[in-house]
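# Structural overview for review
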Amino acid sequence: MKTSSRLVLGIECTAHTLGVGVARGSMSAPFGKSTRILSNESAKYPSLREGFIPRKLADHHAKHFKEVALRALDKASIKPRDLDAVAYSYGPGLGHSLHVGFVAAKTLCESLGIPLVGVNHALAHAEVGRFFTRMRAPVVAYVSGGNTQILRLGGKPGKRHYQIVGETLDIGAGNMLDLVGRNLSLSPPDAVGVLEAARKGRNLVPLPYSVKGMNMSFSGLLTASQKAVASPPDLCYSVQETAFSMICECAEKALSVYGAKELLLVGGNARNKRLSAMLALAAKEHNARFGAAPLEYCGDNGGMIALAGLFQLSKRIGLRRLPSQRARIDAESVAW
Ligand code: FE2
């Protein structure tokens, strides 16, 4: 007898990571504790000095899709015919990469005769964090390469959605850190290299601090970092402290303005222990509970797309969506 439990394959393909995961949960209570992410496999385009060239990312994802998908199915101990739906990240992201994920997802859906679910990438980041921390109405600091946003989950039950209450007005904090790492020829030449170097930094160099209301700007900080006279460790330390302080100020303002009692950190930069510690302290000062997405689900991954796809399938949201490079989270319903 068919139960209300469903299996959803999720494909992440917005940028440099190809991820495939499988989630299982009931349609009556998909956000419940019985829901599981059964597998979470990936192939990541390497971080190189040249940066990310969209065509090369797409070729990488197309080349590795079959192998990563088979690994995800194998780890979940299921066969393709067991799937009830395929979800893919429809945006925001790089057009070339998004289309590889879309074609893969659509091909699977057509051949298996199952629904296609388009998942908003930012929504998946926020919801995987909320699922594991069991938060109800958090302020979310979403900090990744291409995105830096302060979100608030609000609205009436059944009609909730994420409101963007603050965001970067130019580049994402993660991309800014990647560029600092690249300019300094760190190893690796990205935000991880900056984090490593920052650990040895001791002196705080004055750098532009730009917050307008709950919005931030990081481009001036990037330009100033190229002109600053300081050792690489001091510079990395200063860039991190300045950028993260800006994010903390905006998150604190959101906690205060909305009287929220939960602060959730998600996105690739949630793996940064310094950012996590600063936000945890900010939450404590506002008597709010702090939580972050588990490390495995901080960066781009297929597991979070499978999970959000399962949530959306339960309410028939986002079926047959086409890729969209500029998708926004505030247009998404969180009805589960
Ligand atoms: Fe992401």
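Everything here concerns the structure above.
Below is a summary of the structure that appears in this document. (Residues numbered from 1 in each chain as written. Predicted model: local features only at pLDDT ≥ 70, side-chain atom pairs only at ≥ 80, totals over all residues. Heavy atoms only, no water.)

### Topic: the nonpolar core
Among the nonpolar cores identified, the biggest contains 81 residues, and Val-140, Ile-150, Tyr-162, Met-176, Phe-218, Ile-247 and Leu-279 are the most heavily contacted of them. Counting residues per element, this core draws most heavily on helix α7 (residues 232–258), at 12 residues. Setting aside residues up to four positions removed in sequence, Ile-247 forms contacts with Val-143, Thr-148, Ile-150, Ala-173, Met-216, Phe-218 and Leu-275. (Core = buried A, V, L, I, M, F, W, Y, C linked by side-chain atoms within 4.5 Å. Buried < 20%, exposed > 50% of the residue type's maximum accessible area, 1.4 Å probe, protein only. Helix = DSSP H or I, 4+ residues; strand = E, 2+ residues; numbered from the N terminus. Contact = heavy atoms within 4.5 Å.)

### Details of the packing of aromatic side chains
If you walk through the whole model with that rule in mind, you get eight aromatic pairs. Ring centres of Tyr-88 and Phe-102 lie 5.5 Å apart, and the angle between their planes is 50 degrees; on these two criteria the pair is classed as tilted. Placement of the pair is Tyr-88 in strand β4 (residues 85–91) and Phe-102 in helix α2 (residues 95–112), with a sequence separation of 14 residues. Of the two residues, Tyr-88 and Phe-102, neither departs from the other in class, the shared state being buried. Here a set of aromatic residues connected by ring pairs shows up, and it is made of Phe-31, Phe-131, Phe-132, Tyr-297, Phe-311 and Trp-336. (Phe/Tyr/Trp six-rings, centres within 6.5 Å; stacked < 30°, edge-to-face > 60°.)

### A look at unusual backbone geometry
With an omega dihedral of 0 degrees, the bond running from Gly-91 to Pro-92 counts as a cis peptide bond. Within the secondary structure, Pro-92 is located in the loop between β4 and α2. The step from Ser-187 to Pro-188 runs through a cis peptide bond, and the omega angle for that step is -5 degrees. Note that Pro-188 resides in the loop between α4 (173–183) and α5 (191–198). The phi torsion at Ser-77 lies on the positive side, around 55 degrees, for a residue other than glycine. Looking at the element boundaries, Ser-77 is found in the loop between α1 (54–75) and β4. A relative accessible area of 64% means that Ser-77 is categorised as exposed. Although it is not a glycine, Arg-316 sits at a positive phi angle of roughly 55 degrees.

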